[in-house]
Amino acid sequence: MPRIKKIESASRPTPTIKDHKTKKIIKKSEPAQRVVSNKKMIPSKKAKAIIVDVIEDEYEDKDEDEIQDSDNFFSDESLAKNNFSTIKGLDIHEVNRDDNTDTNIKNSDIENSDIKNENLVDTDIQKKFFSGLASEMKEKNSIDNNINRDGQYLNHKPEASHSKKSLNLYRRLVWKFLIMVGFLAAIVFYLFFSKLTIFITPQVEAMSDALFLRVGGDVASIVENDPRQAIDGSVNELDIEADNIYQSSGEKIQSEELIAKVIIINNYNKPQPLIATTRLLAADGKLFRLKDAVNIPAGGKVEVDVYPDKASSDMAIQPTHFTIPGLWAGLQDKIYAESKEAFTYGQKIDKYIKASDIQAATKDIGELILKKAQATKALRSQDKVLYQVLDSIDVKTSAEVGDSVSEFTVTAKAKVVMVSFSGEEVSKLASSKLNILVPDDKELAEFKPENLVYSLDNYDEDTKSATVKATFSGLMILKGDSNIIDKSKLVNLNAQQIDAYLKNYPEIGNYELLFSPYFVKRAPRLVDMIEIKIKQ
């Protein structure tokens, strides 16, 4: 069965083919002007584009030679030879040249002179029309030859190319969709599975305070709105006496002396007398003198005392050789002196009492009185006891300042107050006050009652009551459920920013950041995904 192809003409105005016998008009694709035999330019009339149904011959069953002959039939030479001046046997529908209505052209309205010229133009148009038709059929034949027995294109495949483009488009759309889904999945994963846990080691903070306690006294002595806390205890006065011997520190040098002995040797055949103050010159040039006169026998030795012109510690020399400058030079090598021991320097010192000696003795005697008072124990062994000397101590000394004595005696009398009270009760009061002072987000970590420090702040002799000051301290840390950190401030911060934020809290000693999953290094965007744990 022959195949029918629809060819859509160009949108530009096309010339018409007129057959005066059949009175049919065919509109073909041609330029807007027609060339006639007498070379006059005849403008073409305005026409609409039409669709021409071309009935293809059965080329499918013809071989290549037959197709070639058909192509030659529509060539310019064949058309010229056959001189197609008219178109017969073609059923071509007439198309109106105007835009809105169809008009039938009658042969009687066309003059015979114009028919000849139009025939020449129509022939030229026909040749061009069939030449284009032949080219199209060649192209179709070339495509058919590229189809193999399986019905697949061997070379150019327009339909396959179109399908491939469509497939590539679908693939791109799929990849874009998958990327978008992956991106959304990552966002969901980050929002709902990203987590930050902060492990905080609290900083131990010291805190201290003091209590003022009232001990002793009767009910009548209690002052209204007294800020002191009354505790159970007792107040007693003790009369203590003490004496002690102290050494004087003042010194006066009465004299200086140098204990020095030498041996004078006489190797001459005659005895040699020497008078007192005879000079002896040591090897280092220091000069000494004989203390007493002496006569050294011939060939003999005599040990004598010597002294320097001025006694000082630098004259205490080591054993050495001495010459006697007063002798004749010829005898100095035969008569000379030697020392066997080092000379000893000494002073004669007198001791006396200085003012500082009295002051030191007075202070020491006061401590001695307290020590004697502390020997008096409280009635209850568990009680804490404080002692304090009242007023001044009555001190007496056996000597005055400046007296030349090496020691002196000091005697003292004093009144001492002894305050005893329950240490356990004070410990409970101190612990309670510390717990009150601890903030709500913290807790008392350590309190040691043995670190309490007591002092007697005041004593009232009239009411026989004493004020005791108890100073205490403790350590506090953050509670495990403390919420001092605003988690909303940590949202979407990196590790460095979190570090800078946490350093503003002195309560935090150390901390550790645990990101989940491990490759995420930012805090989650959801506050609920941030958890803070305080180590105890």
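Residues numbered from 1 in each chain as written. Predicted model: local features only at pLDDT ≥ 70, side-chain atom pairs only at ≥ 80, totals over all residues. Heavy atoms only, no water.

**Some points on the packing of aromatic side chains**
Per the stated rule, a full pass over the model turns up seven aromatic pairs. These aromatic residues form a ring-pair network of at least three members: F288, F322 and F343. The side chain of K252 reaches across the aromatic face of Y352, ending 5.5 Å from its centre. (Phe/Tyr/Trp six-rings, centres within 6.5 Å; stacked < 30°, edge-to-face > 60°. Lys NZ or Arg CZ within 6 Å of the ring centre and 35° of its normal.)

**Observations concerning the pairing of strand β16 (residues 301–308)**
In β16, alternate side chains face the same way, and those of V302, V304, V306 and P308 are buried while those of K301, E303, D305 and Y307 on the opposite face are not. Two strands pair when backbone bridges link them, and strand β14 (residues 287–290) and β16 are joined in this way by three bridges, in the antiparallel orientation. When the sheet's bridge partners are listed, R289 is paired in β16 with Y307. (Buried < 20%, exposed > 50% of the residue type's maximum accessible area, 1.4 Å probe, protein only. Helix = DSSP H or I, 4+ residues; strand = E, 2+ residues; numbered from the N terminus. Pairing = 2+ DSSP bridges.)

**Some words on the pairing of strand β23 (residues 453–460)**
Of the strand pairs in this sheet, β23 and strand β24 (residues 465–478) are connected by seven bridges, and their pairing is antiparallel. Bridge pairing in β24 links L456 to V468. Taken together, β23 and the strand that follows it, β24, pair antiparallel across an intervening segment of four residues, in which K464 is found at a positive phi of about 55°.

**Examining the sheet that holds strand β25 (residues 508–516)**
The strands making up a sheet associate through hydrogen bonds between their backbones, and the pairing can be parallel or antiparallel. Spatially, the three strands line up as an open sheet ordered β25-β7-β26, and their pairing is mixed. What marks the edges here is a single partner per strand, and that holds for β25 and β26 (530–534). Taking each pair of neighbouring strands and ignoring which way they run, the sheet shows an average axis angle of 20°. In the packing of helix α7 (residues 495–502) onto the sheet, the strands contacted are β7 (195–202) and β25, and the crossing angle to β25 comes to about 155°. (Axes fitted to C-alpha atoms, helices over the stretch in contact; angles between N-to-C directions. Contact = heavy atoms within 4.5 Å.)

**Describing the environment of S381**
Within the secondary structure, S381 sits in the loop between α5 (355–374) and β20 (383–397). Residues S381 and S422, spaced 41 residues apart in sequence, show a C-alpha to C-alpha distance of 9.8 Å.

**Examining α7**
Taken as a whole, α7 has its buried residues at I498, Y501 and L502. Down the axis of α7, the sector holding all buried residues measures 90°, keeping them to one side. Close packing links the buried residues of α7 with β7 and β25. With a side-chain oxygen positioned 3.3 Å from the backbone nitrogen of Q496, the residue opening α7 is N494. (Arc of directions from axis to C-beta. Polar contact = N/O pair within 3.5 Å; in protein donor to acceptor, adjacent residues only side chain to side chain.)

**Here we look at unusual backbone geometry**
Across the junction of S516 and P517, the peptide omega takes the value -5°, indicating a cis bond. Inspection of the secondary structure assignment puts P517 in the loop between β25 and β26. Positive phi outside glycine occurs at T277, with the angle close to 70°. One can find T277 in the loop between β12 (272–274) and β13 (279–282). Although it is not a glycine, N492 adopts a positive phi angle of roughly 65°. Structurally, the position occupied by N492 is in the loop between β24 and α7.

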